[in-house]
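# Observations on the three-dimensional arrangement
Each chain, letter by letter, is given below.
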There are 2 protein chains.
Amino acid sequence: MTTTTAASRQHTLRERNLRLVARAVFEAPEPPSRADIAAATGLTRATVSTLVDQLVGARLLRELPAVADGRAGRPAVPLVPEGRSMLGLGLEVNVDYLGARAIDLTGATVAERVVPGTFHDSEPAEVLGALGRIARDITRDTHDAGMRLAGARLALPGLVDARAGVLDVAPNLGWSSVEPVPLLALDGLPVEIANEAKLAALAELGGPGFVSADAAVPDSFLYVSGDVGIGAAIVVGRELFLGERGWNGEVGHVVVDPAGPRCSCGARGCLEQFAGKEALAGAAGLPADAPLTDLLALLGPRHTRPVKPLDDGSGRPPAAQAAADAAVRRAGQALGSALADFVNLVDVHTVVLGGIYTDLLPWLRPEVEGVLAERVLAAPFVDLEVRAARAGAQAALTGGAREVLRGVLGDPAAWV
Amino acid sequence: MTTTTAASRQHTLRERNLRLVARAVFEAPEPPSRADIAAATGLTRATVSTLVDQLVGARLLRELPAVADGRAGRPAVPLVPEGRSMLGLGLEVNVDYLGARAIDLTGATVAERVVPGTFHDSEPAEVLGALGRIARDITRDTHDAGMRLAGARLALPGLVDARAGVLDVAPNLGWSSVEPVPLLALDGLPVEIANEAKLAALAELGGPGFVSADAAVPDSFLYVSGDVGIGAAIVVGRELFLGERGWNGEVGHVVVDPAGPRCSCGARGCLEQFAGKEALAGAAGLPADAPLTDLLALLGPRHTRPVKPLDDGSGRPPAAQAAADAAVRRAGQALGSALADFVNLVDVHTVVLGGIYTDLLPWLRPEVEGVLAERVLAAPFVDLEVRAARAGAQAALTGGAREVLRGVLGDPAAWV
DNA sequence: CCTATTTGTTGTACGGATGAACTATCCCTC
DNA sequence: GAGGGATAGTTCATCCGTACAACAAATAGG
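Residues numbered from 1 in each chain as written. Chains lettered and ligands numbered in written order. Predicted model: local features only at pLDDT ≥ 70, side-chain atom pairs only at ≥ 80, totals over all residues. Heavy atoms only, no water.

## What about a negative patch on the surface?
Residues and elements named next belong to chain A.
- Negative charge collects at one region of the surface, where D96, D227, E278 and D289 lie side by side.
- With respect to the helices and strands, D289 occurs in the loop between α8 (277-283) and α9 (292-299).
- Since its relative accessible area comes to 67%, D289 is described here as exposed. (Patch = residues over 30% accessible without salt bridge, like charges linked within 9 Å, V, L, I, M, F, W, Y side chains within 5 Å. Areas by Shrake-Rupley, 256 points an atom, 1.4 Å probe, with all protein chains shown as cover. Salt bridge = Lys/Arg side-chain N within 4 Å of Asp/Glu carboxyl O. Lys, Arg positive; Asp, Glu negative; His and termini not counted. Charge placed at Lys NZ, Arg CZ, Asp CG, Glu CD. Helix = DSSP H or I, 4+ residues; strand = E, 2+ residues; numbered from the N terminus. Buried < 20%, exposed > 50% of the residue type's maximum accessible area, 1.4 Å probe, protein only.)

Dropping the structure here:
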């Protein structure tokens, strides 16, 4: 309501109405005609026509062939986002892979490269140099195919100061005080950095301003991603809430039990010590770096949890299964406790679980939902919902690319 | 950045630039001239002149006598907010008082009535009827004096659904599912309701858009108000962050110790059971409804805390002092733990303590700051600050009235 | 074939910001 | 104390983008 504004001139009107028209097309359930847009926005058909013509000229929109729909009158010309024209580029350095993904305005992935690796205690210049080469390949290929790259977002697993463009610290990479953008050496391409969980959260939204065909995507949710550490993002009204610097959502260090084990952060009883990947593996009797599949194997087939850990002929030792079961149960209680605090403090009622929690959700759900129902004050008045993330692998790549395209839609006048 | 927009027409320009000019005057450290505003906003002097003339005509701004400041050139005409013209009205029902306060654009209180009482388990229609009569008195008096009331905000101590205009539940009043606005019977005056802590938080901001003369007021802070319950508000960039429905900031029910005492909410180990007013009094050996002054008397003179609770000749029994001291220390640790979670989750680095914590801060500070430094992940990178609230008595009245005036400043075109 | 209907386009009018020129009022200097 | 320079505020022609109304295009139905 009260956003900071600059002086408004004539062309400000044009910019704002271009955005309005572009959004009307991207958010419509069906490809709208110029007349539909006029009705939806309150602009006149004349104005909409000139604006649409500019957006079509800029190859942000495309006209479909006019089709008679059986009603009287001149048939409408449906408008849709133009594919393979404007692209957003998502980049990511994570502990076990490098990646780049280019997405167009229809939501289609146009180019992608994901390079597995081990970047624990790696050299920033080397790793980012390699990622830069990948990105330049994509830039060249897409440019040769007549597409334009609007910008890039680099996702990093650590404390990111987006405004300063500095990665302050990324424990799992062993990086600190890195300025990553120059190391990518992507001349002429505007690159911004962001925290990995924040961009992964945005991937849960339907697209660059689209209302997803899958109508169940909520406008507001907490995204909580479990791995060795536990990160989170707050999305309200399809916008990231970042606090003062974007260092929010540190749910991994919320107090679960002050008498609990000491955490790597120095404090006691943080959620991470109960529900982090390594803590969970350890409590289940597995090595700290055991892959998630080992734990899932111990837990047995999904959607069933035996009341008693009896030998079911699967070859899993009952004692090991019981330990894994207890560990996941304890993790679920701890996660529920921290999520209850989260919900009580920020008042967002949908929780999307990503990372290892996506696959573990069937086993976690009873404890998480039980604790939430007990501890969330507003529980009697709202529908609390816990769901699994759906953005798939390397969600931050998708989220980053889409965020770039959201920026294009936020100021289409810059591209006409 | 990406707020929802309606169609922009010619008059949209005028509205936006009127707001821009009005804000420039209210936020300037010194009364600016038309030329100053032009320089600050990027508008031309010609445009600023016509806009200022409209705002002066609407009695939102006032010209001071032109004064030669020693420099060459025609002397500038300083512009200031017009006093005793446009008013915002703050209303409040709390457990121990009713109140109404009208504030003008200069920040001056123009009318005020505060009626002490006991509204525990009271009748909504009766109490709100009485408050409505007070408000109508103020409306009549200010109208007769040539002032205009832009609207009113009603502060309530409970879960408020501002959009629906419904108070879902207020435990301390014994109210539930009340629609308070019609019961006030204030015809023609737009009244909105809000949670008491949220409006009290806004009172910490300098005024209706002013940058406070006291430059230390931050743009972003967590406001935590201690009483029987503990409420909070999140302010980022001088705006309230409300989550989905405004039911955020329930810091009183954050987990401090899962082995702790059972809370009135049904869960265990909530902050309220360590740092709520009644819990604190009980732990200090006082009756649950003891006034805060009793506890302060036990604690002895401020800013001194004896290492050993020896008889200092003041007549306070050492054992009672020791109990009070231990209770406050325990409360400080619990409060620090919950605030650390709060800061870790929302990334706001200034905490303003209101309610009983304002007076208790000298004793709470060491434990609170100690726990924050230990538990806040970003502590090495940012300045954490804990400070006392300064808005004074009935802060929600002030905050509500100012919020109305902020609305006027957000759309001055509606008043020209 | 003619009319009703809906879509999209083509003018004209209007509101609001701009920029340059103009007036008003100061300080400073000779 | 007269004139020049400087700064504040106003006036007016111009431009830009949207609204409004009329018109052209393309369909359905009788």
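## Overview of the domain arrangement of chain A
All names here are of chain A.
- What the domain assignment reports for chain A is domain 1 (10-81), domain 2 (86-214 + 395-415) and domain 3 (221-388).
- Between domain 1 and domain 2, the C-alpha centre-to-centre distance is 30 Å.
- In this assembly, twelve residues from domain 1 lie in contact with 15 residues from domain 2.
- Approximately 1200 Å² of surface area, both sides summed, lies buried where domain 1 meets domain 2, with 67% of it carried by carbon and sulfur atoms.
- Our enumeration of links across domain 1 and domain 2 arrives at zero salt bridges. (Domains from an automatic or database assignment. Contact = heavy atoms within 4.5 Å. Buried area = accessible area lost by both parts, 1.4 Å probe.)

## Some words on the sheet that holds strand β8 (residues 166-170) of chain B
Residue and element names in this part refer to chain B.
- The three strands are arranged β7-β8-β9 in an open sheet whose pairing can be described as antiparallel. Either end of the sheet is taken by a strand with one partner, and the two such strands are β7 (159-161) and β9 (175-178). Pairwise comparison of adjacent strand axes, ignoring direction, gives a mean angle of 15 degrees for this sheet.
- Note that β7 and β8 share three bridges and pair antiparallel. The residue bridging L159 from the neighbouring strand is V169, located in β8. (Pairing = 2+ DSSP bridges. Axes fitted to C-alpha atoms, helices over the stretch in contact; angles between N-to-C directions.)

## Quick look at the relation of the copies chain A and chain B
- When chain A is fitted to chain B, the residual RMSD is 0.1 Å, and the transformation amounts to a turn of 180 degrees plus an axial shift of 0.0 Å. Here the transformation between the copies is reduced to the relation of a two-fold axis. Proximity to the rotation axis, assessed at the C-alpha, singles out D257(A) in chain A; its C-alpha lies 2.8 Å from the axis. (Least-squares fit on C-alpha atoms with pLDDT ≥ 70 in both.)

## Some details on the interface of chain A and chain B
- Contacts between the two partners involve 67 residues from chain A, matched on the other side by 66 residues from chain B.
- Taken together, both faces of the contact between chain A and chain B bury some 5700 Å²; the carbon and sulfur share is 55%.
- Sorting the residues of chain A by area buried against chain B places E244(A), L345(A) and R375(A) first, and these three jointly supply 13% of that buried surface.
- The interface formed by chain A and chain B contains zero salt bridges.
- Taken together, chain A and chain B are joined by 26 residue pairs in polar contact (both at pLDDT 80 or more).
- Among the elements of the structure, α1 (10-27), β8 (166-170), β12 (230-236), β13 (239-241), α10 (318-346), α11 (356-375) and α12 (395-410) of chain A are those that each provide at least two residues to the side of chain A that touches chain B.
- Here the side of chain A that touches chain B gets eight residues from one element, more than from any other, and that element is α1(A). (Polar contact = N/O pair within 3.5 Å; in protein donor to acceptor, adjacent residues only side chain to side chain.)

## Topic: the packing of aromatic side chains
- One pass over the structure, following the stated rule, counts three aromatic pairs over all chains.
- Aromatic side chains F381(A) and W247(B) sit 5.6 Å apart centroid to centroid with 80 degrees between the ring planes, which places their arrangement in the edge-to-face category. Linking F381(A) in the loop between α11 and β15 (385-388) with W247(B) in the loop between β13 (239-241) and α7 (272-275), this pair reaches from one chain into another.
- We classify W247(B) as buried; its relative accessible area is 4%.
- The aromatic ring of W247(A) is capped on one face by R245(A), whose charged end is 5.6 Å from the ring centroid. (Phe/Tyr/Trp six-rings, centres within 6.5 Å; stacked < 30°, edge-to-face > 60°. Lys NZ or Arg CZ within 6 Å of the ring centre and 35° of its normal.)

## Brief notes about the protein's contact with DNA strand C
- For DNA strand C, the set of nearby residues contains 28 residues, the closest of which are R9(A), S49(A), R74(A), Q10(B) and R14(B).
- Backbone atoms, meaning sugar plus phosphate, form 67% of the atoms of DNA strand C positioned within 4 Å of the protein.
- One of the side-chain nitrogen or oxygen atoms of R9(A) is found 2.4 Å away from a phosphate oxygen of DNA strand C.
- Within the contact set of DNA strand C, a base oxygen lies 3.1 Å away from a backbone nitrogen or oxygen of G73(A).
- The set of elements that each furnish at least two residues to the surface near DNA strand C consists of α2 (34-41) and α3 (45-57) of chain A together with α1 (10-27) and α3 (45-57) of chain B.
- Considering each element in turn, the surface near DNA strand C owes the most residues, four residues, to α1(B).
- Here the surface near DNA strand C is built from residues that sort into ten nonpolar, eleven polar and seven charged. (Near = heavy atom within 4 Å. Nonpolar A, V, L, I, M, F, W, Y, C, P; charged D, E, K, R; others polar.)

## Here's the deal with the protein's contact with DNA strand D
- Surrounding DNA strand D, one finds 30 residues, the nearest of these being Q10(A), R14(A), R9(B), R45(B) and S49(B).
- Looking at DNA strand D alone, sugar and phosphate atoms form 68% of those within 4 Å of the protein.
- A distance of 2.8 Å is found between a phosphate oxygen of DNA strand D and a side-chain nitrogen or oxygen belonging to T47(A).
- Within the backbone of A35(B), a nitrogen or oxygen atom sits 3.0 Å from a phosphate oxygen of DNA strand D.
- Residue assignment for the surface near DNA strand D shows that the elements contributing at least two residues are α1 and α3 of chain A together with α2 (34-41) and α3 of chain B.
- Broken down by element, the surface near DNA strand D gets its largest block of residues, four residues, from α1(A).
- Among the residues making up the surface near DNA strand D, the classes are represented as eleven nonpolar, eleven polar and eight charged.

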